[in-house]
Amino acid sequence: MSELRVKIPKLRRQVQLGNLRIVSTHYGEIAAFLLPLGDLDSVVDEEGNSLITKFEEMPLTKFRDELTRAWEILQSGIDCIYLTFHNRRVVAFVSPRLTPYLSLPFIGNTENILFFSNEFQTHVS
């Protein structure tokens with residue numbers, strides 16, 4: 001998570017465009033996903049209603065300074081924190097509780113996915 005704090009200004013645009021997705025870990029456990037807003041379109045029930053019912057918005061600059069607090073907010077039951085840039089939603093910091101509903105692209109054998117660092121990135125063409 002500390003690596004994410006440092007790199008977020010450079011990575012924000014890549015995530016926003018859908019070229020990068022980040023899995024943030026804390027002591028080897030998935031803490032949250034940093035995803036483009038379009039990825040949240042798959043987080044719906046059978047009727048097409050969004051499963052993201054509890055969310056907050058946070059300016060990107062505040063998120064960077066308060067990343068640990070943002071993670072704690074997700075642990076308290078919030079589904080997603082929409083990160084804003086100039087008062088506009090740009091990316092989402094998403095709780096790992098929503099993993100079954102996310103259609104994340106994976107590289108390699110999905111039976112043997114390993115996370116070696118604080119960030120895991122995938123490239124989508």
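As shown above, the structure is provided for reference.
Quick caveat: nothing in here was measured; it's all calculated off a predicted structure.

A. Structural view of the packing of aromatic side chains. By the definition in use, this model includes two aromatic pairs. When the ring of F55 is compared with that of Y82, the centres are 5.3 Å apart and the planes differ by 80 degrees; the resulting orientation is edge-to-face. Taken as a pair, F55 in strand β3 (residues 55–59) and Y82 in strand β4 (residues 80–85) lie far apart in primary sequence, 27 residues in all. Here F55 falls in the partly exposed class, since its relative accessible area comes to 40%. Look at F63 and F93: their rings are 4.8 Å apart centre to centre, the planes differ by 65 degrees, and that puts the pair in the edge-to-face class. With F63 in helix α2 (residues 60–65) and F93 in strand β5 (residues 88–94), the pair connects residues that are 30 residues apart, well separated along the chain.

B. Structural context of the nonpolar core. L34, F63, I81, L83 and F93 are the most contacted members of the largest nonpolar core, which totals 24 residues. Of all the secondary structure elements, the ones that give two or more residues to this core are α1 (2–16), β2 (29–36), α2, α3 (67–75), β4 and β5. Among the elements that take part in this core, α3 stands out by supplying five residues, more than any other. Once residues within four sequence positions are removed from consideration, F63 is found in contact with I8, M58, A70, L83 and F93. If you look at the next biggest cluster of nonpolar residues, it comprises 13 residues, including V43, A92, L98 and L104.

C. Looking closely at the environment of E57. Mapped onto the elements, E57 comes out in strand β3. You can call E57 partly exposed: its relative accessible area is 46%. Measuring from C-alpha to C-alpha, the distance between E57 and Y82 comes to 4.6 Å, with 25 residues separating the pair along the chain. Among all residues touching E57, those that are not within four sequence positions of it are Y82, T84 and R89. A polar side-chain atom of E57 sits 2.7 Å from a polar atom in the side chain of R89.

D. Main features of the environment of D41. Along the chain, D41 falls in the loop between β2 and β3. On the basis of relative accessible area, D41 is assigned to the exposed category, the value being 61%. Counting along the chain gives 62 residues from D41 to S103, while the straight-line C-alpha distance between them is 9.3 Å.

E. How the structure looks around the pattern of salt bridges. Scanning the entire structure with this criterion turns up four salt bridges. Salt-bridge contacts for D79 lead to R97; the nearest nitrogen and oxygen are separated by 3.8 Å. In this pair, D79 is assigned in the loop between α3 and β4 and R97 in the segment after β5, connecting sequence segments 18 residues apart. Residue R97 is classed as partly exposed on the basis of its relative accessible area, which comes to 41%.

Definitions and cut-offs
Residues numbered from 1 in each chain as written. Predicted model: local features only at pLDDT ≥ 70, side-chain atom pairs only at ≥ 80, totals over all residues. Heavy atoms only, no water. Phe/Tyr/Trp six-rings, centres within 6.5 Å; stacked < 30°, edge-to-face > 60°. Helix = DSSP H or I, 4+ residues; strand = E, 2+ residues; numbered from the N terminus. Buried < 20%, exposed > 50% of the residue type's maximum accessible area, 1.4 Å probe, protein only. Core = buried A, V, L, I, M, F, W, Y, C linked by side-chain atoms within 4.5 Å. Contact = heavy atoms within 4.5 Å. Polar contact = N/O pair within 3.5 Å; in protein donor to acceptor, adjacent residues only side chain to side chain. Salt bridge = Lys/Arg side-chain N within 4 Å of Asp/Glu carboxyl O.

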